Amino acid sequence: MNPDTERRASVHPAWQVALFTALAYAVVGWIALALAIPPGFATPLYPSAGIALAAVLVFGQPAIAGTALGAFAVNVVLSASRGQIDAAAFVLPATIAAGSALQAALGAALVARYVAQPLVLATPREIAMAGTLGALVACLVSPTVATLALLGSHSIAPAQVLGTWGTWWVGDTLGVLIGAPLALTL
């Protein structure tokens, strides 16, 4: 953990970071799902992915837990809105949440490793590297995990895999490119 993250962790208890990250992720996620293309699992703009990356960059591990909790909440509500309220309906949201948390953790690790710290995004190189690593590369994780989980649970047909994965990747990527800088400025 870098010194800035350690200082912030001492000022903000882990449970608060996790709770606020989860709340921000979930509220923005529910709003973003209004843009979802049927069957409604993926949206072409998902700023929650950017919120997650920014939170993990700033607050570290507690924000990873908050990302998982927020993503789980978004997907449980989505499942419930479709009438899927059995024990198996919690496995899919949990798997998607794990993919979202892993994506935020990977993106933060890549940005922290390869972009000058403290992160100020002051040069074109820093902006390009953060966008490439935090969005284009890291955002391969959640769409892959989620699409495979959706396929494995028979929530999507094999013919929908490419469209779902592509929409999910574009949504998360744009969400990081737009949402992370906004969240970091706050």
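Located above this text is the structure these notes cover.
Below or above, wherever it landed, is the structure these notes cover. Sequence positions are assigned chain by chain, starting from 1 and proceeding in written order. In view of the model being predicted, local features appear only for residues whose pLDDT reaches at least 70, and side-chain atom pairs are presented and counted only at 80 or more, with totals across whole chains, interfaces and linings using the full set of residues. Here the side-chain values reflect all heavy atoms present in the structure, with hydrogen atoms and water set aside.

## Re the layout of surface pockets
Unfilled space is identified by rolling a water-sized probe across the atoms.
And step 1. Using a grid of 1 Å spacing that covers the protein atoms alone, one calls a set of points a cavity when a 1.4 Å probe fits there but cannot get out, and a pocket when the set is open and has protein on both sides within 12 Å along at least five of seven lines; lining residues are those with an atom within 4 Å of a point. Grid points are joined across faces, edges and corners, and a volume is the space filled by probe spheres set on the points. Counted as a void, the second largest pocket has a volume near 200 Å³.
And step 2. For the second largest pocket, the lining is made up of 13 residues, of which Leu-121, Ala-130, Gly-131, Val-176 and Pro-181 are closest to its centre.

## Some details on the packing of helix H7 (residues 141-152) against helix H8 (residues 161-185)
And step 1. Helix axes are fitted to C-alpha atoms over the stretch in contact, other axes to C-alpha atoms as well, and angles between N-to-C directions run from 0 to 180 degrees. Helix and strand definitions here come from DSSP, where helices need a minimum of 4 consecutive H or I residues and strands a minimum of 2 consecutive E residues; each element is numbered from the N-terminal end. It is at 9 Å that the axes of H7 and H8 come closest, and there the two elements cross at 150°. The handedness of the crossing between H7 and H8 comes out as right-handed. Each of Ser-142, Pro-143, Thr-144, Ala-146, Thr-147, Leu-150 and Leu-151 in H7 lies in contact with H8, whose residues at this interface are Val-161, Thr-164, Trp-165, Trp-168, Trp-169 and Asp-172.
And step 2. Here the term charged refers only to Asp, Glu, Lys and Arg, the term nonpolar to Ala, Val, Leu, Ile, Met, Phe, Trp, Tyr, Cys and Pro, and the term polar to all other amino acids, Gly among them. Among the residues forming the contact of H7 with H8, the class breakdown is eight nonpolar, four polar and one charged. Should the near helix be turned counterclockwise from the far one by less than a right angle, the crossing is left-handed, whereas a clockwise turn marks it as right-handed. Residue contacts are counted whenever heavy atoms from the two residues lie within 4.5 Å of one another.

## A word on the packing of helix H2 (residues 14-32) against helix H3 (residues 48-59)
And step 1. Close contact between H2 and H3 brings their axes to 9 Å; oriented N to C, the two are set at 165°. One finds that H2 runs roughly antiparallel with respect to H3. In this structure, H2 meets H3 at a crossing whose hand is right-handed. Contact residues: H2 offers Val-17, Thr-21, Ala-24, Tyr-25, Val-28 and Gly-29, while H3 offers Ser-48, Ala-49, Ile-51, Ala-52, Ala-55 and Phe-59.
And step 2. The residue inventory of the contact of H2 with H3, partitioned by class, reads nine nonpolar, three polar and no charged. Orientation is classified from the angle alone, with under 35 degrees giving roughly parallel, over 145 giving roughly antiparallel, 65 to 115 giving roughly perpendicular, and any other angle giving oblique.

## Points about the packing of aromatic side chains
And step 1. Any Phe, Tyr or Trp ring, taking Trp's six-membered ring, that has another such ring centre within 6.5 Å forms a pair; planes under 30 degrees apart are called stacked, those over 60 apart edge-to-face, and the others tilted. Evaluated as defined, the whole model comprises three aromatic pairs.
And step 2. Here Tyr-25 and Tyr-46 contribute two aromatic rings whose centre-to-centre distance is 5.8 Å and whose plane-to-plane angle is 70°, an arrangement assigned as edge-to-face. Residue Tyr-25 is found in helix H2, and its partner Tyr-46 is found in the loop between H2 and H3; the two are separated by 21 residues along the sequence.
And step 3. Classification of residues uses two cut-offs on accessible area relative to the type maximum, computed with a 1.4 Å probe and protein chains only: under 20% is buried, over 50% is exposed, and between them is partly exposed. With relative accessibility at 9%, the residue Tyr-46 sits in the buried group.
And step 4. Pairing Trp-165 with Trp-169 gives two aromatic rings, centres 6.2 Å apart and planes at 5°, and the pair type is stacked.

## Topic: a nonpolar patch on the surface
And step 1. The residues that make up patches have over 30% relative accessible area and no salt bridge, and they are joined within 9 Å when like-charged or within 5 Å when they are Val, Leu, Ile, Met, Phe, Trp or Tyr. The protein chains shown are the only cover counted for residues, whose accessible areas, like all others here, come from Shrake-Rupley with a 1.4 Å probe. What counts as a salt bridge is simple: a side-chain nitrogen of Lys or Arg found within 4 Å of a carboxyl oxygen of Asp or Glu. A contiguous nonpolar patch, built from Phe-20, Leu-23, Val-27, Trp-30, Ile-31 and Val-77 and spanning about 590 Å² of accessible area, is present on the exposed surface.
And step 2. Locating Trp-30 in the fold gives a position in helix H2.
And step 3. Accessibility expressed as a relative area gives 37% for Trp-30, which makes it partly exposed.

Honestly, it's all geometry; don't read function into it.
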